[in-house]
Structure formats: structure tokens, C-alpha cells
Amino acid sequence: MAALPYETAAFALFALVTIAGALGVVLMEDVWHSALLLGVTLLSVAIHYVMMSAEFLAAMQILVYVGGVLILITFAVMLTRVDDPKEAVS
């Protein structure tokens, strides 16, 4: 069964979002923005699972990775963040 044009366009769109988010995670200087882009990337991967009719994997992707790991990273960033860079040096 051949893919319909809108399915191909949706796949290309979310593939672009996944790749852009992954590049943003690596290239961002701010840790907080990097963590947010990691969440975008993980959600985009979950959408790819839905497009492949793997709804259980998509649900586990969202619950485990987005719900667990990303929240843990967010708390770690918030608890270890220094507002004034001069204080970190001294």
C-alpha cells in the first residue's frame, strides 16, 4: 500500500522537526533551552511511532522519556543553575 502524499508530507515535517531539535540540543549554549529542545525531539519521535501504528511505543516514549527523564533533567538544571556567572568563578 503506497503512502499518500499528506502522509509523506507529515513524515517529512516531523523528520525535519526531529533533526532540528536534535541539532539544537547539541548546539545550544544554554542548558535550559537544550533541555526544552530535547523534549521537542522526544515528542517528535513519539509522533513517528504513531505514524508507524506503534501506539504503545509512542505512549511509553511520552511517559518514560518525556515524563520521567526530561522532568529529572529539568529539576537538575533548575537546582544547579547559577544566576550570576561571577559567583560561580569565585
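To keep things clear, this report deals only with the structure shown in the data block. (Residues numbered from 1 in each chain as written. Predicted model: local features only at pLDDT ≥ 70, side-chain atom pairs only at ≥ 80, totals over all residues. Heavy atoms only, no water.)

**As for the packing of helix H2 (residues 31-51) against helix H3 (residues 55-80)**
Closest axis-to-axis distance for the H2/H3 pair is 8 Å, and the angle between their directions is 175 degrees. With respect to H3, the element H2 is oriented roughly antiparallel. Of the residues in H3, those in contact with Val-31, Trp-32, Ala-35, Leu-38, Gly-39, Leu-42, Leu-43, Val-45, Ala-46, Tyr-49 and Val-50 of H2 are Glu-55, Leu-57, Ala-58, Gln-61, Ile-62, Tyr-65, Val-66, Leu-70, Ile-73, Thr-74, Val-77 and Met-78. Across the contact of H2 with H3, the residue classes tally to 19 nonpolar, three polar and one charged. (Axes fitted to C-alpha atoms, helices over the stretch in contact; angles between N-to-C directions. Helix = DSSP H or I, 4+ residues; strand = E, 2+ residues; numbered from the N terminus. Parallel < 35°, antiparallel > 145°, perpendicular 65-115°, else oblique. Contact = heavy atoms within 4.5 Å. Nonpolar A, V, L, I, M, F, W, Y, C, P; charged D, E, K, R; others polar.)

**Remarks on H3**
Across its 26 residues, H3 extends 36 Å between first and last C-alpha, which sits within 8% of the 38 Å expected from 1.5 Å per residue. For H3, the full list of buried residues reads Ala-58, Gln-61, Val-66, Leu-70, Thr-74 and Val-77. Buried-residue contacts for H3 involve H2. (Expected span 1.5 Å × (residues − 1). Buried < 20%, exposed > 50% of the residue type's maximum accessible area, 1.4 Å probe, protein only.)

**Thoughts on unusual backbone geometry**
Despite not being glycine, Ser-53 shows a phi value in the positive range, around 60 degrees. Mapped onto the fold, Ser-53 is located in the loop between H2 and H3. Relative accessible area serves as the criterion here: at 56%, Ser-53 is assigned to the exposed category.

**Here's the deal with a nonpolar patch on the surface**
There is a patch of nonpolar side chains on the surface, built from Phe-56, Leu-57, Met-60, Leu-63, Val-64, Tyr-65 and Val-69 and spanning about 670 Å² of accessible area. Inspection of the secondary structure assignment puts Val-64 in helix H3. (Patch = residues over 30% accessible without salt bridge, like charges linked within 9 Å, V, L, I, M, F, W, Y side chains within 5 Å. Areas by Shrake-Rupley, 256 points an atom, 1.4 Å probe, with all protein chains shown as cover. Salt bridge = Lys/Arg side-chain N within 4 Å of Asp/Glu carboxyl O.)

**Side note on the side chain of Ser-34**
Relative to the elements of secondary structure, Ser-34 occurs in helix H2. If near-sequence neighbours (up to four positions away) are discounted, Ser-34 is found in contact with Val-25 and Met-28.

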